[in-house]
Amino acid sequence: MAGILHLAWRYWGYHKVKTIVLVTAVTTIVYLPVALDIVVRHSARELTIRAQATPLLVGAKGSPLELVLNALYFESHPPASIRYAEVDRVRHSELARAIPLHTRFRAGKSPLVGTTLEYFEFRGLELAEGRAMTMLGECVLGAAAARSAGAAPGGHVLSSSENVFELAGAYPLRMTVAGVFRPTGTPDDLAVFTDVKTAWVIEGLAHGHEDLRRPVAADRILRTEGRSIVANASVVEYQEITPDNAASFHFHGDPAGFPVTSVIALPQDTRSETVLQGRYLRDEETVQIVRPAAVMDDLLSTILTVRRYVLLAAVILGAATLATTTLVFVLSLQLRRREMQTLAKIGGSKRLIGSLVAVEILGVLGAGVLLAASLAAATGWLAAAVTRAFVLMS
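Counting starts from 1 at the beginning of each chain's written sequence and moves along it residue by residue. Two thresholds apply to this predicted model, a pLDDT of at least 70 for residue-level local features and 80 or more for giving and counting side-chain atom pairs, whereas whole-chain, interface and lining totals are computed over all residues. Only heavy atoms go into the side-chain values, all of them from the structure, while hydrogens and water stay out.

Asker: Could you clarify how one ought to interpret the environment of Leu141 in this entry?
Answerer: Runs of E in the DSSP output that reach at least two residues are strands. Runs of H or I that reach at least four are helices, and both are numbered from the N terminus. Of note, Leu141 is situated in strand β6 (residues 138-141). Look at Leu141 and you get buried, because its relative accessible area is 0%. In this analysis, two residues are considered to be in contact whenever any of their non-hydrogen atoms come within 4.5 Å of each other. Ignoring anything within four residues of it in the chain, the contact list for Leu141 reads Ala146, Ala151, Val157, Val177, Gly179, Val180, Phe181, Ala191 and Val192. Exposure classes here rest on a 1.4 Å probe applied to the protein chains alone. A residue is buried below 20% of its type maximum, exposed above 50%, and partly exposed in between.

Asker: Sorry, what's going on with helix α3 (residues 64-73) here?
Answerer: Turn by turn, an α-helix covers 3.6 residues, leaving residues three or four places apart pointing in a common direction. The complete set of buried residues in α3 reads Leu67, Val68, Asn70, Ala71, Leu72 and Tyr73. Once α3 ends, the next one or two residues include Phe74, with phi positive near 65°.

Asker: I tried to follow unusual backbone geometry on my own but got confused; where do I start?
Answerer: The phi angle of most residues is negative, glycine excepted, and most peptide bonds adopt the trans form. A positive phi angle, close to 60°, is found at Glu94, a residue other than glycine. Judged by relative accessible area, which is 62%, Glu94 ranks as exposed.

Asker: Whenever I open this one, the pattern of salt bridges confuses me. Can you help?
Answerer: Proximity of charged atoms lets side chains of opposite charge pair with each other. The working definition used for a salt bridge is a side-chain nitrogen of Lys or Arg within 4 Å of a carboxyl oxygen of Asp or Glu. The final tally for this structure, using the stated rule, is eight salt bridges. Residue Arg50 pairs with Asp188 through a salt bridge whose shortest N-O separation is 2.8 Å. Here Arg50 is found in helix α2 (residues 16-52), whereas its partner Asp188 is found in the loop between β8 (174-181) and β9 (192-195), with 138 residues between them in sequence. Across the pair, Asp188 and Arg50 agree in class, each one buried.

Below is the structure:
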């Protein structure tokens, strides 16, 4: 047997290119469908874990999938806004807790999420350093967002509009970093979190400016109408909220009419969840309530349907590759006829020659399968991180 292995090894070494090509072909046949199944399973798990942890979402009528992806991953196009009154509606129902989300802006490369402290408890976010925001204009960074911005507690990040061509709204707000969260391996790592009211400041629904009652601002006053002061455009509007000017920031209008992009509803129990869903079934409703888990299940059913077609294509491709590989082996044996005759003349039995050919073929197949198994194991190890990154970038 040692002699057979030695001859097979010498043959593989002499025909390096052919051996490498055949091993690569076998590896591809085995690896592609296995890797596809691993990636799809990990993708499905990444998508469903966060969806299953979020009982209900309230948002503007439209695409449920767009609403869910925006509220869970912050990266899809923001849906139409709903009024903050919808947050109060969920709370006043006494059926569920309500967590507002405002995801219309960004801070550099990171999504800017206006929410409440209750969101951090809901998602299990823990501070690595610093503290949670306690005043207007402060923010807390996810681990990846902090690395991307190169910011730490006491530093600053600058907000930006969702649309570079948007001329309305306030100037970018320079926000103070209050803290940084520990890594969670979720989209929360990429986000910059702030209070909903700070998001409204960025949207231009509130502003702060110098005190017009001070003598130094007299040249900026156009007229005084009772208790109202009308000033010209030279009034300096603050673009950073500090303890010194925080009191000058004020909102215009009723906060109940201010916008949020979605509301996370956390029902008390299954009955409360059912009753709350039923209250949004009227035709005149301008908002919808969805179960993220059900929405993601629909998406995954589509992905799995596509997966079946891709696997079928991979099997057909594998069969064609296997047929080509078999043809290569057959032609190789034809070309090696004189070599086999020589082995027979020097005393090699038909059994020995057959064993040599079998070892050569099985060696190539075994090497291909072993390499495919190694790649599949590496894919399984990296799949969670890769699919998570893909989801975050999509």
